[in-house]
Every structure is written in C-alpha cells, then in structure tokens.
Amino acid sequence: MLIRKRRRISYANRAKQQRMKLYIILAALAILFTCSIAPLADTGVHEVTITADAGDTLWSICEPYCPEGMDVRLFIDKVKYENGITNSCLEIGQEIVVPLD
C-alpha cells in the first residue's frame, strides 16, 4: 500500500499565486472598463462651418483640419465635393463645411 504525501505549498507561494490571480482579474476589469468607456468619448462634433473672408483659400481653410497622414489636396477635394464647389474660387461670406472625421 502506497501512502501519498500531500504536497505542501508554502505560505509565500500561496500568497504569490493569489496576487497573480488578483492582477489578472484587475487587468481584465481594466480592459473591460476601457472598452466600455471608449465609445462615450465621441464629442458629437463631426464638422465645422467656416465663413470665407478676404484672402482665404481652400488650402488655408482646410489645412488645419486635414487628418494626420492625409494629403491636403485630397482633403480639399473631399471638402469641395461635400460643399458642391466646382472650382477653387471662394467668395467673401461663402460658408464652407469642413468634416472633422
């Protein structure tokens, strides 16, 4: 007849395992919390309306709002399309809607 000895886990190892489980649970909760809050960060502002003034160009209006990594010329084409502008001439007082997304 074989007698098996129970393997004893020291208090330090047991505490270490419990801390590891706690860290995993906290990390999972942090990820869940972050993922649930991220959609709430939307400000609801998706466009800006700018009134053209003397000396304004589509380039000077669009450049500050151009998304990072996008060519300004492509962004100007997008703004022209969305505003129904067929040429690059602006009139004083003309309202230009610039998308922010």
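*Asks:* Just give me the short version of the pattern of salt bridges, but keep the residues and values in it.
*Replies:* In the structure shown here, the tally under the stated rule is 1 salt bridge. For R73, the salt bridge goes to D71, with nearest N and O atoms at 2.9 Å. Classification of R73 by relative accessible area gives exposed; the value is 54%.

*Asks:* Would you mind going over a nonpolar patch on the surface in detail, with residue names and values included?
*Replies:* Judged by side-chain polarity, M20, L22, Y23, I24, I25, L26, L29 and L32 come together as a nonpolar surface patch covering roughly 840 Å² of accessible area. By the secondary structure assignment, L22 is in helix α1 (residues 11–37).

*Asks:* Break down helix α3 (residues 72–83) for me, citing the residues and quoting the values.
*Replies:* Quick reminder: α-helices carry 3.6 residues per turn. Residues three or four places apart thus point the same way. Along its 12 residues, α3 runs 16 Å from first to last C-alpha, staying within 8% of the 16 Å computed at 1.5 Å per residue. Buried residues of α3: V72, F75, I76, V79 and K80, and no others. All buried residues of α3 fall inside an arc of 140° around its axis, so they share one side. Counted as exposed and oriented over 90 degrees from the buried face of α3: R73, L74 and Y81. The secondary structure elements touched by the buried residues of α3 are α2 (58–62) and β2 (95–99). Just past α3, the residue G84 takes up positive phi, approximately 70°.

*Asks:* Can you break down the nonpolar core residue by residue, with the values?
*Replies:* A general feature of soluble globular proteins is that nonpolar side chains tend to end up buried together. Among the nonpolar cores identified, the biggest contains 12 residues, and these are I50, L58, I61, C62, C66, V72, F75, I76, V79, I85, I96 and V98. Looking at this core, the element that brings in the most residues is α3, giving 4 residues. Setting aside anything within four residues of it in sequence, one finds F75 in contact with C62, Y65, C66, P67, M70, V98 and P99.

*Asks:* I'd love a proper account of the confidence of the model for the protein chain, names of residues and values included.
*Replies:* Close inspection of predicted coordinates is inappropriate in any region flagged by low pLDDT. Averaged over the protein chain, the pLDDT score is 85; the fraction of residues at 70 or greater is 85%. Here α1 stands out as the least confident element of the protein chain, with mean pLDDT 85; α3 is the most confident, with 94.

Criteria and cut-off values
- Residues numbered from 1 in each chain as written.
- Predicted model: local features only at pLDDT ≥ 70, side-chain atom pairs only at ≥ 80, totals over all residues.
- Heavy atoms only, no water.
- Salt bridge = Lys/Arg side-chain N within 4 Å of Asp/Glu carboxyl O.
- Buried < 20%, exposed > 50% of the residue type's maximum accessible area, 1.4 Å probe, protein only.
- Patch = residues over 30% accessible without salt bridge, like charges linked within 9 Å, V, L, I, M, F, W, Y side chains within 5 Å.
- Areas by Shrake-Rupley, 256 points an atom, 1.4 Å probe, with all protein chains shown as cover.
- Helix = DSSP H or I, 4+ residues; strand = E, 2+ residues; numbered from the N terminus.
- Expected span 1.5 Å × (residues − 1).
- Arc of directions from axis to C-beta.
- Contact = heavy atoms within 4.5 Å.
- Core = buried A, V, L, I, M, F, W, Y, C linked by side-chain atoms within 4.5 Å.
- pLDDT = per-residue confidence, 0-100.

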